[in-house]
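# Analysis of the macromolecular model
The chain contents come next:
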Amino acid sequence: MKNKKLSAQKSRTPNQMWGGHYAEGPSAIMAEINASVGFDQRLYAQDIRASQAHAEMLAAQGILTPKDKNAIVKGLDTIRKEIESGKFKFSASLEDVHMNIESRLRELIGDAAGRLHTARSRNDQVATDFRLWLRDALDQIDPALQDLQAALIDKADKHTATIMPGFTHMQAAQPVTFGHHLLAYVEMLGRDRARFADCRKRTNEMPLGAAALAGTGFPIDRAHTAKALGFAKPMDNSMDAVSARDFALEFLADAAILGTHLSRLAEEITLWAAPAFNFVELSEAFTSGSSIMPQKRNPDAAELVRGKTGRLLGNFTALATTIKGLALTYAKDMQEDKEPVFDSADTLRLTISAMAGMVRDMTANPVAMKAALAAGFITATDLADWLVRAANIPFRDAHHLTGKIVRLAEERGCTLGELKLADMQKIDKRITKDIFSVLDPENAVKSRTSFGGTAPANVKKAVASARKRFL
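Residues numbered from 1 in each chain as written. Predicted model: local features only at pLDDT ≥ 70, side-chain atom pairs only at ≥ 80, totals over all residues. Heavy atoms only, no water.

This part is about the overall build of the protein chain. For the protein chain, the helix and strand inventory stands at 19 helices and six strands. When the backbone C-alpha atoms are referred to their principal axes, the protein chain occupies close to 100 × 50 × 40 Å. Among the 471 residues that make up the protein chain, the fraction classed as buried is 47%. Contacts spanning at least 24 positions in sequence make up 73% of the contacts within the protein chain whose residues lie at least 6 apart. In the structure as shown, the protein chain presents an accessible area of about 23,200 Å², 54% of it carried by carbon and sulfur atoms. Taking the average place of the 62 positive charges on the side chains of the protein chain and the average place of its 56 negative ones, the gap between the two points comes to 2 Å. (Helix = DSSP H or I, 4+ residues; strand = E, 2+ residues; numbered from the N terminus. Buried < 20%, exposed > 50% of the residue type's maximum accessible area, 1.4 Å probe, protein only. Contact = heavy atoms within 4.5 Å. Areas by Shrake-Rupley, 256 points an atom, 1.4 Å probe, with all protein chains shown as cover. Lys, Arg positive; Asp, Glu negative; His and termini not counted. Charge placed at Lys NZ, Arg CZ, Asp CG, Glu CD.)

Laid out in structure tokens, this is it:
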């Protein structure tokens, strides 16, 4: 009942934006649901920059007088300073950042402010501001990702020969080096950076001048404005220009993919830091204690990075769901495009920085890593490979024989290297004492010299390559 009463309330003040068509203002609940200034005020710098470029173009085309243009540019500079100093008061009654700035501009310079909106609509205005904002955000994300890569590369460089178990299905699989493991994430992040770079290219096209949806009859020069704003080009189709949000969807998809990569690394750090693994230790800088268990050091930073990935996935789903049912061109549903993008950009800035801090902070425990190699018969594949090389046995047959040897070790409760030669020869007489050389994890790791393999010599080269390609 309370909501019904609220929705029936009417403002007696005509809406300035809609001019003479609307004699009364919106209901209170309409004003609340319609307002976006609570979040889109983040676009203020881009809105002012685009408006100044638009005014310069209008003046260059003789559509705006130099006097009015100068007043507009100066007035917008004043508004920017007011916003950045905290003196500017945003009003929800003016709906969005665009109308708040335009209203203040009219207060400052009078009727000349009304000429700024010539040959544009809020549809192309907001699309332009949004692209400018996202472009700026992408330019901040890339160096943050590069810094995370640098942290991983530096850590890998210190552990090119530190041996640890590699896992499949969370079961000990084959020995690898810690450096090699860390460099896997460097490669993932490299692809993430490439995706964001591609997203920036597609974001960097200018909608301004498309007006509401059909272009304008004024003799504007869209290439002039695009150049002033650093866009690669004006968008070719006015309807596409105001309705396209695939640049935002692409960013959210890329953010979600990056989030999954960060989450996987966060999960591994969480596991590695657990006493059951004890592969790494995090300091108090990136852990927290327990309110009841004084011995605990919880990897909360890693867990929060892992948890925040849900936001990134949800933001993509939210906007994709909003856009998928919209006919061309603009609909008010599209006001929902900004909050998911803002949230994902904020989340990435925080999680990337937290992850870089954790990587630099964590201290590896090579003793625990090496001790873990004793479990899981981790050199079984090397045994099978030796049978192929030394005894000329087809790999599938060697795999079968190795399985029998592993079963024998399980029954004896020992490692493969602790089995007696005579016992292995009972399974296959072609086995010689040379087989023990490949059952040592260090030798196994050194043998993985194929391109992209985990041999320490390879990892050293991979570190150098990564520095050259990414830093």
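Mapped onto the elements of the fold, leucine 439 is located in the loop between helix H17 (421-427) and helix H18 (441-447). Classification of leucine 439 by relative accessible area gives buried; the value is 7%. Sequence separation between leucine 439 and phenylalanine 377 is 62 residues, and the spatial gap between their C-alpha atoms is 9.1 Å. Once residues within four sequence positions are removed from consideration, leucine 439 is found in contact with Thr379, Leu383, Leu416 and Gly417.

As a further point, take a nonpolar patch on the surface. A contiguous nonpolar surface patch, about 280 Å² in accessible area, is contributed by Ile29, Met30 and Ile33. Relative to the helices and strands, isoleucine 29 is located in helix H2 (residues 28-34). A relative accessible area of 34% places isoleucine 29 in the partly exposed class. (Patch = residues over 30% accessible without salt bridge, like charges linked within 9 Å, V, L, I, M, F, W, Y side chains within 5 Å. Salt bridge = Lys/Arg side-chain N within 4 Å of Asp/Glu carboxyl O.)

On to the packing of aromatic side chains, then. The description of two aromatic rings rests on the distance between their centres and on the angle between their planes. For the structure shown, the criterion picks out eight aromatic pairs. Ring centres of phenylalanine 130 and phenylalanine 342 lie 6.4 Å apart, and the angle between their planes is 80°; on these two criteria the pair is classed as edge-to-face. One end of the pair, phenylalanine 130, is in helix H7 (residues 122-158); the other, phenylalanine 342, is in helix H13 (residues 338-361), and 212 residues separate them in sequence. In terms of burial, phenylalanine 130 and phenylalanine 342 fall into one category: buried. (Phe/Tyr/Trp six-rings, centres within 6.5 Å; stacked < 30°, edge-to-face > 60°.)

This brings us to the side chain of arginine 131. Considering the arrangement of structural elements, one finds arginine 131 in helix H7. There is no salt bridge for the buried arginine 131, and the closest opposite charge comes from aspartate 246, which lies 4.7 Å off by N-O distance. Within polar-contact distance, the side chain of arginine 131 engages the backbone oxygen of threonine 203 at 3.1 Å. Setting aside residues up to four positions removed in sequence, arginine 131 forms contacts with Arg202, Thr203, Glu205, Pro207, Phe231, Met235, Ala244 and Phe247. (Polar contact = N/O pair within 3.5 Å; in protein donor to acceptor, adjacent residues only side chain to side chain.)

Taking 1.5 Å per residue, 13 residues should reach 18 Å; helix H6 (residues 97-109) reaches 18 Å between its end C-alpha atoms and fits that length. Along H6, the residues classified as buried are Val97, His98, Met99, Asn100, Ile101 and Leu105. Considering only its buried residues, H6 is in contact with helix H3 (37-40), helix H4 (44-60), helix H5 (66-85) and H7. The N-terminus of H6 is capped by aspartate 96, whose side-chain oxygen sits 3.1 Å from the backbone nitrogen of histidine 98. A positive backbone phi angle near 80° is found at glycine 110, which sits one or two residues after H6. (Expected span 1.5 Å × (residues − 1).)

Within the element layout of this structure, alanine 384 appears in helix H15 (residues 380-391). Residues alanine 384 and lysine 433 lie 49 residues apart in sequence; the distance between their C-alpha atoms is 15 Å. Other than its neighbours up to four places away in sequence, alanine 384 contacts Phe395, Ala398, His399 and Thr402.

What follows deals with unusual backbone geometry. Cis rather than trans, the peptide bond between leucine 328 and threonine 329 has omega equal to 10°. Along the polypeptide, threonine 329 turns up in the loop between helix H12 (300-323) and H13. Notably, histidine 169 is not glycine yet its phi reads approximately 55°, a positive angle. Note on placement: histidine 169 falls in the loop between strand E1 (163-168) and strand E2 (171-177). Not every positive phi belongs to a glycine, and alanine 211 is a case in point at roughly 60°. Structurally, the position occupied by alanine 211 is in the loop between strand E3 (205-206) and helix H9 (222-229). For alanine 211, a relative accessible area of 9% corresponds to the buried category.

This brings us to the pattern of salt bridges. Inspection of every chain in the model, using the stated rule, returns 32 salt bridges. Between arginine 469 and glutamate 187 there is a salt bridge whose closest N-O contact spans 2.5 Å. Here glutamate 187 lies in helix H8 (residues 178-203) and arginine 469 lies in helix H19 (residues 456-470), a separation of 282 residues in the sequence. By relative accessible area, glutamate 187 is classed as partly exposed at 30%.

Turning to the pairing of E2, a few remarks are in order. Relative to E2, E1 runs antiparallel, the two sharing six bridges. The residue of E2 that forms the bridge with isoleucine 163 is threonine 177. Connecting E1 to the next strand, E2, in antiparallel fashion are two residues, including histidine 169 with a positive phi near 55°. (Pairing = 2+ DSSP bridges.)

Attention now goes to the packing of H4 against H7. Packing of H4 against H7 brings their axes to within 9 Å, and their N-to-C directions diverge by 120°. When the interaxial angle is binned, H4 and H7 end up oblique. Note on packing geometry: the crossing formed by H4 with H7 is right-handed. Where H4 abuts H7, its residues Gln46, Asp47, Arg49, Ala50 and Ser51 lie against Gln125, Thr128, Asp129, Leu132, Trp133, Arg135 and Asp136. (Axes fitted to C-alpha atoms, helices over the stretch in contact; angles between N-to-C directions. Parallel < 35°, antiparallel > 145°, perpendicular 65-115°, else oblique. Left-handed = near helix turned anticlockwise from the far one by under 90°.)

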